[in-house]
Amino acid sequence: MNNYLLTQNLGSLDQKDSIASLEAGKVLFFPDHYFSAIDQSLMSATILDGHHKNVSYDYKSKKLGGYQKDHNSLYERLEPFMRAYALFAHALINSALPSYVPHLQWGRTSFRPAQISGRASSKRKDDTRLHVDSFSASPVNGLRILRVFCNINPHNEPRVWNLGEPFSDVLARFAAKLPPYRKLWAIFLNLVQSTKTLRSPYDHYMLNLHDSMKLDDHYQAQVEKMQIAFPAQSSWIVFTDLVSHAALSGQYLLEQTFYLPVDKMAKPELSPLHHLQHSSLTLRIPMA
Ligand code: SIN
Ligand code: FE
């Protein structure tokens, strides 16, 4: 056992323990539970359109993106596959964390068929560097980002992550360097459609935290971290807005994002919003 994971199996779940651990920043790990309805014809990075590193799916509208649209009948095979995973993820939350279910909002489903390691990208976009999640174009206004991952690698290769220091330590290190929120700038970003809705102070500070972590070579090299290899045919759930993480290697991952209002947590005081509002600097985030 280690301090970063809470290992669970579906036969003997303890919801209170799961929620307490998850909200405190642990990964809820299911070594024996995985999505098994794999379509082998989709297990190739060639299904990507060349511009995106993942196929994305919106459960509610059934819209798919990021895939090779010229490819014969790909939508007909991908859509049911993505939908089935979205339902698998929802069912897993329903088993492990039923008290969250009535309050969850659907986010994107993502399929990541490309190998992570060795992929060139800017530091800001490089998920092999430790970070907390924040979406630059899609403000969450404080909603929690809860993600369900499943490693479906058909060659038995693990998904290797690093997990970093607790959120309060990340914030203590970077809070003083975060630029102040500027409403006019947020309005501008929205006008030029860089954001889908107005970027809130919360989203501004979280995005700058994400960027500051990734851009700091010294931090990336020196900060205490733990490497975890999630085996093929395993699943895990984590609040990726709270937990400092990096994906080092692996191929073929499914991920479902859900959003959860802070006041529906068992302990809202463990949310990033609460941390930001009560950091030593007291960043200027309106109280909810
Ligand atoms: C991330 O959320 O940073 C990447 C996770 C992964 O692709 O394994
Ligand atoms: Fe991430």
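Below or above, wherever it landed, is the structure these notes cover. Note that the structure is predicted; figures quoted are calculated from it, not measured.

Conventions and cut-offs
- Residues numbered from 1 in each chain as written.
- Chains lettered and ligands numbered in written order.
- Predicted model: local features only at pLDDT ≥ 70, side-chain atom pairs only at ≥ 80, totals over all residues.
- Heavy atoms only, no water.
- Near = heavy atom within 4 Å.
- Polar contact = N/O pair within 3.5 Å; in protein donor to acceptor, adjacent residues only side chain to side chain.
- Areas by Shrake-Rupley, 256 points an atom, 1.4 Å probe, with all protein chains shown as cover.
- Helix = DSSP H or I, 4+ residues; strand = E, 2+ residues; numbered from the N terminus.
- Nonpolar A, V, L, I, M, F, W, Y, C, P; charged D, E, K, R; others polar.
- 1 Å grid on protein atoms, 1.4 Å probe; cavity = no way out; pocket = protein on both sides within 12 Å on 5 of 7 lines; lining within 4 Å.
- Points joined across faces, edges and corners; volume = space filled by probe spheres on them.

### Comments concerning the site of ligand 1
Item 1. Taken together, Arg 112, Asp 127, His 131, Asp 133, Arg 147, Arg 159, Trp 161, His 245, Ala 247 and Leu 253 make up all the residues around ligand 1.
Item 2. At 2.7 Å from an oxygen atom of ligand 1 is found a side-chain nitrogen or oxygen belonging to Arg 112.
Item 3. In this structure, Trp 161 approaches ligand 1 through a side-chain N or O atom, which is 2.9 Å from an oxygen atom.
Item 4. Taking 260 Å² as the accessible area of ligand 1 by itself, protein coverage stands at 96%.
Item 5. Listing elements by their share of the shell around ligand 1, those giving two or more residues are β7 (159–163) and β10 (245–249).
Item 6. Along the lines of polarity and charge, the residues of the shell around ligand 1 split into three nonpolar, two polar and five charged.

### As for empty space enclosed by the protein
Item 1. Scanning the entire structure with this criterion turns up one cavity of 30 Å³ or more.
Item 2. Taken as a whole, the largest cavity encloses approximately 40 Å³ of empty space.
Item 3. As for the largest cavity, its lining consists of Asp 133, Ser 134, Phe 135, Val 140, Leu 143, Ile 145, Tyr 202, Asp 203, Met 206 and Asp 241.
Item 4. Looking at the lining of the largest cavity, the element that brings in the most residues is helix α5 (residues 201–215), giving three residues.
Item 5. In terms of residue class, the lining of the largest cavity is built from six nonpolar, one polar and three charged.

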